[in-house]
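Results of the structural survey
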Amino acid sequence: MKYAPLLLLVTVAVLIALPWLVSGSMLNAAVQMLIAALFAMAFGLLCGQAGMLSFGHAAYFGVGAFAAVHAMNAFGGEGLLPTPLLPLVGGATGLVSGLLAGYFSTKRTGVYFAMITLALAELLHALAPHLKTVFGGEAGVSSFRMPAWGIGFGSLNDVYFLTLVWTLLCIGLLYLFSKTPLGRLALGLRENAHRLRFLGYNTHALGTLIFAVSAMFAGIAGALQSMNIEAANYVVLESHISTAVVLNSFIGGVRVFLGPAIGGAVMTFFGHVTSDLTRVWLLYQGIIFVLVMMFLPRGLVGELVERIRNPSGEGFARTLSTLLARLASLAIAAFGAVFLIEFLQRVLSPEYRAGVTDGNWPDIALFSYDWAPLSVLPWAFGLGLFGIGIALVTMVNRRVAARKEAQA
Amino acid sequence: MDQILFALLNGTIYGLLLFMVSAGLTLIFGMMGVLNFAHASFYMLGAYFAYTLQPLTGFWLAIILAPILVMGVGILVERFILRHVHEHGHAHELLVTFGLSVVIAEMIKMVYGKFAVDYRVPAELNFAAFSLSGIDYPFYRLFMGGIAVVMFIAIYLLLTKTRVGIVVRSAIYRPQMVEALGHNVPMVFMGVFGIGAALAGLAGAVAGAFYTTNPNMALELGVMVFVVVVVGGLGSMGGAMAASLLIGITNSLAVGSDFRIADILTWIGMGGWAEEIGGLLTMRMSSLAATLPFFIMLLVLVLRPSGLMGEKE
């Protein structure tokens, strides 16, 4: 881990140089990735460090987003604060709503907590369409960024740097927070709340505070989001936002500090890249999540860190060759599965079904070949690749197990 | 008066439906300690399976076959996914079922599209049971309530009067002891999970025809079921029953009510102020109906955090 600071510096340098390296559409994706990373970090504080699983974090993200838009519109469009400081408004609103919601949800722990957070988010979502003055009804609330401090905030570059500075600052603050006594107590809350109470700590107040801090950072992420698109609609309160942050954070790994951020950024990146290629990205996201939960319970980053910290003792070459063999066989299986899902999606899509006339099923183009849906070929191709990949993975796993046994 | 009677009846039947789903959830939680997030997805699967089977087999066979199919899905989930992650703890099991609920919802969207499908009450069941002051009461509602009641009596008798029931109940309290006595506890778990899923599937198959069948129905009902479970106390059948009825009835009473908070304030001379503030104070109860269960939940959390009939943590 001695290279960690260096790696961090390089990453920050690349992030700063990014506007000169990539296209506008990619830079737009980068803004989304940064926001998703910050949101996931806020979630990770609550879920990874304090062990409280929230299924309703969209509420605080959304509250922050709306607060920022209203702050931008305040004083006839002058803005409550100069544009670069507007995320503070989102953070403050997130903090207050987090204190309120945290008071109720941390009354219970474990699965109850999870259910209450979900219900609170749904409460806000059900209420929002009726409160037109605050949430703007169907159309939402829109605004525009005012120039401040000699910066125009009109171009994408300005928005990118604004988001970058805030995201890095907040992640830094979250790191420092994890080192404060309150941050250490969060770990205690996760590991053994009973014992904390026995030591004289008020676990309800502690839980509420940590919940509020997490909601505050979620609010900042929400504010950045609405400042980026210069609008907010009650769609940001919908459950799929809460779902996405849970999936992203756990795919990255919530127990390692930067795990959620990397998970959020990577999944948002793939979502952006594949949005033109597939219509069922969310399905893939769900499947990846279930697979990660089943086979890599620490998450992708968590597993990586664990492997680096505790090498298998087989030597670098051996480890690398096993890893490559696993990845290659997984890639074959994944290609087979993706082929099947995409083919199925195309066969089932309404446009295709409209084209079917009395038993005449036109061919479907997929991966630059035409496939007849009624023939065995496409199904056998997908299933075959999937089966071969799984068989190869099993084989590699058996070999590794056999080698371990021989050593012992 | 008649309106209130209708609302009470509707609420009771909706409550029974909620109970049908939350009973399985509570049973599974009590037994395996797993909060099955995908439970409401089984409800949705039941509705879609029945919708698909209906043209092939007719309505009656469809609502019998759909729960059996859902039971199959439930057993597969328990055997190949939940058992695999059991060693990582309960939080992990909850997360996996959460992921499954996402996967199921997305698959449904892929196969049936994003919008509601045309799953309707069959014509032979679509008639009025009785009418009060000129308003017909649909027979199908009574039919749903009847199925739910029959289901509970069957489960109650199964759990209390049969040998299988004794094994199941003892496996909840002392799984190791039951295993030592030679019963196959993992098998019992699988069976309970399957039955719970089938119950949710049956509720979906029956209710999907009356309410709408769309890819959002799992989330909408799932949230209600969670509220029921928090209000009633997880693991308590009686609590689940009471909370289901409470939420069902308040919900349907609120839908038909024009009451506003501003009206109360008028009595103490603050009506004008309330009208000025607007927002929550001037909203009609009917438009707040969807949020009422959540307020009940918050109230219960403040007054009695362990739920109406739950045990203290």
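Residues numbered from 1 in each chain as written. Chains lettered and ligands numbered in written order. Predicted model: local features only at pLDDT ≥ 70, side-chain atom pairs only at ≥ 80, totals over all residues.

The subject of this paragraph is the overall build of chain A. Helices and strands together make up the secondary structure of chain A, namely 17 helices and four strands. Over its C-alpha trace chain A gives a radius of gyration of 24 Å, about what one expects of a compact globule, namely 22 Å for 408 residues. Considered along the principal axes of its C-alpha atoms, chain A spans approximately 65 × 65 × 45 Å. Put simply, 77% of the contacts in chain A that link residues at least 6 apart link residues at least 24 apart. (Helix = DSSP H or I, 4+ residues; strand = E, 2+ residues; numbered from the N terminus. Rg over C-alpha atoms; globule rule 2.2 N^0.38 Å. Contact = placed C-beta atoms within 7 Å.)

Glancing now at the overall build of chain B. Along the backbone of chain B there are 14 helices and two strands. Here chain B, with 313 residues, has 45% of them falling under the buried criterion. Put simply, of all contacts in chain B between residues at least 6 apart along the chain, 74% involve residues at least 24 apart. (Buried ≥ 20, exposed ≤ 12 C-beta atoms within 10 Å, placed from the backbone.)

Attention now goes to the environment of Leu-173 of chain A. All names here are of chain A. Inspection of the secondary structure assignment puts Leu-173 in helix 7 (residues 156-179). Of the residues examined, Leu-173 has 15 C-beta atoms within 10 Å and is grouped as partly exposed. Through-space distance from the C-alpha of Leu-173 to that of Phe-217 is 9.8 Å; in sequence the pair is 44 residues apart.

This brings us to the packing of helix 6 (residues 163-173) of chain B against helix 8 (residues 185-210) of chain B. Residues and elements named next belong to chain B. For the pair helix 6 and helix 8, the least separation of the axes is 10 Å and the interaxial angle reads 105°. Classified by the interaxial angle, the pair formed by helix 6 and helix 8 is roughly perpendicular. Contact residues: helix 6 offers Val-167, Val-168 and Ala-171, while helix 8 offers Val-185, Val-188 and Val-192. When its residues are assigned to classes, the contact of helix 6 with helix 8 shows six nonpolar, no polar and no charged. (Axes fitted to C-alpha atoms, helices over the stretch in contact; angles between N-to-C directions. Parallel < 35°, antiparallel > 145°, perpendicular 65-115°, else oblique. Nonpolar A, V, L, I, M, F, W, Y, C, P; charged D, E, K, R; others polar.)

Listed as interface residues are 37 residues of chain B and, on the opposing side, 35 residues of chain A. Every element with two or more residues in the side of chain B that touches chain A is listed here: helix 3 (59-85), helix 4 (90-112), helix 9 (217-232) and helix 14 (292-303) of chain B. Residue contributions to the side of chain B that touches chain A peak at 14 residues, all from helix 4 of chain B. The residue makeup of the side of chain B that touches chain A, split by class, is 28 nonpolar, eight polar and one charged.

Of all hydrophobic cores here, the largest spans 205 residues; its most connected members are Leu-38, Phe-39, Ala-119 and Phe-217 of chain A together with Val-227 of chain B. Among all residues touching Phe-217 of chain A, those that are not within four sequence positions of it are Leu-38, Met-41, Ala-42, Leu-45, Cys-170 and Leu-174 of chain A. (Core = buried A, V, L, I, M, F, W, Y, C linked by C-beta atoms within 7 Å.)

A separate point is the domain arrangement of chain A. Splitting chain A by domain gives domain 1 (12-283) and domain 2 (311-407). Computed over C-alpha atoms only, the centres of domain 1 of chain A and domain 2 of chain A are separated by 35 Å. (Domains from an automatic or database assignment.)

This brings us to the packing of helix 4 (residues 87-105) of chain A against helix 5 (residues 110-127) of chain A. Residues and elements named next belong to chain A. Remark: helix 4 packs on helix 5, axes separated minimally by 9 Å, with the N-to-C direction vectors making an angle of 140°. One finds that helix 4 runs oblique with respect to helix 5. The two elements helix 4 and helix 5 meet at a crossing, and its hand is right-handed. Here Ala-101, Phe-104 and Ser-105 of helix 4 come into contact with helix 5, specifically with Phe-113, Ile-116, Thr-117 and Leu-120. Class assignment of the residues belonging to the contact of helix 4 with helix 5 gives a composition of five nonpolar, two polar and no charged. (Left-handed = near helix turned anticlockwise from the far one by under 90°.)

The next point concerns the environment of Gly-56 of chain A. Residues and elements named next belong to chain A. Of note, Gly-56 is situated in the loop between helix 2 (24-49) and helix 3 (58-77). Judged by the 26 C-beta atoms lying within 10 Å of it, Gly-56 is buried. Separated by 61 residues in sequence, Gly-56 and Thr-117 place their C-alpha atoms 5.0 Å apart.

Reading predicted coordinates in detail is not appropriate for stretches of low pLDDT. Residue and element names in this part refer to chain B. A residue-level look at chain B finds 88% of positions with pLDDT of 70 or above and a mean pLDDT of 81. No element of chain B has a lower mean pLDDT than helix 12 (residues 271-277), at 64, and none a higher one than helix 2 (residues 39-57), at 89. Two numbers describe this predicted complex: its pTM, 0.85, and its ipTM, 0.84. (pLDDT = per-residue confidence, 0-100.)

Let's shift gears to helix 4 of chain B. Counted at 1.5 Å a residue, the expected span for helix 4 of chain B with its 23 residues is 33 Å, and the 33 Å between its end C-alpha atoms agrees. Looking one or two residues past helix 4 of chain B, Gly-113 of chain B carries a phi angle of roughly 85°, positive in sign. (Expected span 1.5 Å × (residues − 1).)

Another aspect to go through is helix 1 (residues 4-21) of chain A. Residue and element names in this part refer to chain A. Taking 1.5 Å of rise per residue, the 18 residues of helix 1 would be expected to cover 26 Å, and the 24 Å separating its terminal C-alpha atoms lies within 8% of that figure. At Leu-15, helix 1 shows its maximal kink, close to 35°; a proline, Pro-19, follows between one and four residues later. Counting buried positions over the 18 residues of helix 1 gives zero, only a small fraction of the element. (Bend = angle between axes of the 7 residues up to and from the residue.)

Residue and element names in this part refer to chain A. With respect to the helices and strands, the residue Pro-87 is situated in helix 4. Exposure remark for Pro-87: the 31 C-beta atoms within 10 Å place this residue in the buried category. Sequence separation of Pro-87 and Ala-221 is 134 residues, and the distance between their C-alpha atoms is 7.8 Å. Apart from the residues within four sequence positions on either side, Pro-87 is in contact with Ala-68, Trp-166, Ile-220, Ala-223 and Leu-224.

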